[in-house]
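Given next are the chains, with one letter for each unit.
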Amino acid sequence: MDRITKEKVRTFMPTRNPNSYKGSYGSVLLVGGNENMGGAIILAASAAVYSGAGLVTVATHPSNKSALHARLPEAMFVDMTDTNALKQHVEPVDIIVLGPGLGRGEISKNVLQTVYQSVSSHQTLLVDGDGIYLHVNEEVPEPSATLILTPHLGEWRTLTGLSPDDQYDNVNMDHAKKLNAIVVLKKSRTEIYCDEETWENTTGNPSMSTGGMGDALAGMIGGFVPQFDTIKEGVLSAVYLHSYIADDLSLTQYVTLPTKIIEQIPTVMKEFTKDQNRRWI
Ligand SMILES: NC(=O)C1=CN([C@@H]2O[C@H](COP(=O)(O)OP(=O)(O)OC[C@H]3O[C@@H](n4cnc5c(N)ncnc54)[C@H](O)[C@@H]3O)[C@@H](O)[C@H]2O)[C@@H](O)CC1
Ligand SMILES: Nc1ncnc2c1ncn2[C@@H]1O[C@H](COP(=O)(O)OP(=O)(O)O)[C@@H](O)[C@H]1O
Ligand SMILES: [Mg+2]
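Residues numbered from 1 in each chain as written. Chains lettered and ligands numbered in written order. Predicted model: local features only at pLDDT ≥ 70, side-chain atom pairs only at ≥ 80, totals over all residues. Heavy atoms only, no water.

A. Molecular detail of the overall build of the chain. Each helix and strand counted, the chain has eleven helices and ten strands in total. A compact globule built from 281 residues should have a C-alpha radius of gyration of about 19 Å, and the chain, at 18 Å, falls within 12% of that. Considering the chain as a whole, with its 281 residues, one finds that 54% of them fall into the buried category. Expressed as a percentage of contacts within the chain between residues at least 6 apart in sequence, the contacts between residues at least 24 apart total 68%. In the chain, 23 positive and 32 negative side-chain charges are present, and the distance between their average locations comes to 7 Å. (Helix = DSSP H or I, 4+ residues; strand = E, 2+ residues; numbered from the N terminus. Rg over C-alpha atoms; globule rule 2.2 N^0.38 Å. Buried < 20%, exposed > 50% of the residue type's maximum accessible area, 1.4 Å probe, protein only. Contact = heavy atoms within 4.5 Å. Lys, Arg positive; Asp, Glu negative; His and termini not counted. Charge placed at Lys NZ, Arg CZ, Asp CG, Glu CD.)

As structure tokens, this is what we get:
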């Protein structure tokens, strides 16, 4: 298994072009957040914005609109219960992050169906949280986008039927291939199954064991993928830096809150870029 290291992430990190504009850094649609779990999709969207995504839109339950605008004025809102509006907002974006706080009821099922039917092959679809539950339990078409799944160990069991004792690397890889997905298997040392490659993260600690941590990672991957040379490099770098920030914060903090990790994303991205000391003027 390859290890994701600081040196590798430094080589993956993109440099901003002086002649760029917001359209150069990717458009992300985050879909999730029912009446009770708006926080999950706000965390994911915040992580995407703080990761440098050019344009971020959130499709969520209308009851989350004010909270979203108050917490994250950089993001735009779409009512996820409006099927036509949702479809229209899926079509133009580079990547869709589906599932944080989505819930498992009728509205959530309809949202999942709409997104799966609307994506196309040039797009990336990341499915997390309740999206994974519905992916397994609903009759859904195989999405034509490149699929990324980000299960924790419980969700991996739901996806594969494997108990933690049966989760050997080669077995996990076979399941990732069957699912036709890049799999980010979240645990204390997160593993990534991508094409024929298997990667293990080298950062992370138990201060991260708190609700919303995976939602933040999903949004970070959503923000990274369109900015990096390859999907793999975006995924590996997001997984590494999410936990790298937590390792730094855990030196002084007993628990590292997702909101605190998100605040630090632009700082560590700068630290890891090649033109670290560059001033633009
Ligand atoms: N502020 C919010 O709105 C929050 C919303 N959340 C959302 O809540 C929904 C359900 O997420 P859950 O993770 O509770 O889903 P589940 O209830 O499907 O998963 C938890 C189950 O998996 C088992 N499990 C086994 N190994 C595990 C591991 N390593 N980590 C976590 N659980 C493991 C647990 O014992 C438990 O039975 C998701 O959509 C998620 O995005 C959570 O992220 C918490 C915060
Ligand atoms: N003990 C730990 N050591 C390292 N990383 C951890 C630990 N506990 C949790 N994490 C990380 O926190 C995140 C938890 O994700 P998840 O369970 O989906 O959270 P949530 O759904 O509440 O947002 C994953 O990235 C996981 O790797
Ligand atoms: Mg989760």
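B. Main features of the site of ligand 1. The immediate surroundings of ligand 1 are formed by 14 residues, with Gly101, Arg104, Asp130, His152 and Asp215 found nearest. Contacts to ligand 1 include His152, whose side-chain N or O atom sits 2.9 Å from an oxygen atom. In this structure, an oxygen atom belonging to ligand 1 sits 2.8 Å away from a side-chain N or O atom of Asp215. Computed on the free molecule, ligand 1 has an accessible area of 850 Å², of which 50% lies beneath the protein chains in the complex. For the shell around ligand 1, the per-class residue count stands at four nonpolar, seven polar and three charged. (Near = heavy atom within 4 Å. Polar contact = N/O pair within 3.5 Å; in protein donor to acceptor, adjacent residues only side chain to side chain. Areas by Shrake-Rupley, 256 points an atom, 1.4 Å probe, with all protein chains shown as cover. Nonpolar A, V, L, I, M, F, W, Y, C, P; charged D, E, K, R; others polar.)

C. How the structure looks around helix 4 (residues 83-90). Looking at helix 4, one finds that the buried residues are Ala85, Leu86 and Val90. For helix 4, the buried positions fall inside an angular range of 135° around the axis, keeping them on one side. Projecting away from the buried face of helix 4 at angles above 90 degrees are the exposed residues Asn84 and Gln88. Buried residues along helix 4 sit in contact with strand 2 (27-31), strand 3 (55-60), strand 4 (76-79), strand 5 (95-98) and helix 5 (106-118). (Arc of directions from axis to C-beta.)

D. Up close: the packing of aromatic side chains. Taken as a whole, this structure holds four aromatic pairs when the rule is applied. For the pair Phe224 and Phe228, a centre-to-centre distance of 5.0 Å together with 10° between the ring planes defines the contact as stacked. Exposure remark for Phe224: the relative accessible area of 0% places this residue in the buried category. What makes Phe228 buried here is its relative accessible area of 6%. An angle of 65° between the planes, with centres 6.1 Å apart, marks the rings of Tyr240 and Phe272 as edge-to-face. In this pair, Tyr240 sits in helix 10 (residues 231-249) while Phe272 sits in helix 11 (residues 258-272), placing the two residues 32 residues apart along the sequence. Classification of Phe272 as buried rests on a relative accessible area of 1%. Among the aromatic residues, those joined into a ring-pair cluster are Tyr240, Tyr244 and Phe272. (Phe/Tyr/Trp six-rings, centres within 6.5 Å; stacked < 30°, edge-to-face > 60°.)

E. Representation of the UniProt feature "binding site: (6S)-NADPHX" (unreviewed entry) in the chain in the model. As annotated by UniProt and renumbered to match this structure, "binding site: (6S)-NADPHX" (unreviewed entry) occupies Ala40, Gly101, His152 and Asp215. With respect to the secondary-structure elements, His152 resides in the loop between strand 7 (146-149) and helix 7 (153-160). On the accessibility criterion, His152 (38% relative accessible area) is partly exposed. Filtering out sequence-adjacent residues up to four positions away, His152 remains in contact with Leu185 and Lys186. Reaching out from His152, the side chain makes a polar contact with the backbone nitrogen of Gly154 at a distance of 3.1 Å. Here Asp215 lies in helix 9 (residues 213-224). Residues in contact with Asp215, not counting those within four places in the same chain, are Ala40, Leu43, Ala44, Pro100 and Asp128. (UniProt positions renumbered as here; feature names shortened; annotations may be inferred.)

F. Representation of the site of ligand 2 within the structure. Taken together, 17 residues form the shell around ligand 2, and within it Lys186, Lys187, Ser209, Gly212 and Gly214 come nearest. In the model, an oxygen atom of ligand 2 is placed 2.7 Å from a nitrogen or oxygen of the Lys186 side chain. Residue Asn205 places a main-chain N or O atom 3.3 Å away from a nitrogen atom belonging to ligand 2. When the free accessible area of ligand 2 is taken as 570 Å², the share hidden by the protein chains comes to 79%.

G. Summary view of the nonpolar core. Counting residues in each nonpolar core, the largest one holds 55 residues, and the members touching the most others are Leu30, Ile192, Ile221 and Leu241. Broken down by element, this core gets its largest block of residues, ten residues, from helix 10. If we ignore the near neighbours within four places in the chain, the residues touching Leu241 are Val9, Met13, Met220, Phe224, Val268 and Phe272. In this structure, Leu29, Ala59, Leu102 and Val127 belong to the second largest nonpolar core, which totals 34 residues. (Core = buried A, V, L, I, M, F, W, Y, C linked by side-chain atoms within 4.5 Å.)

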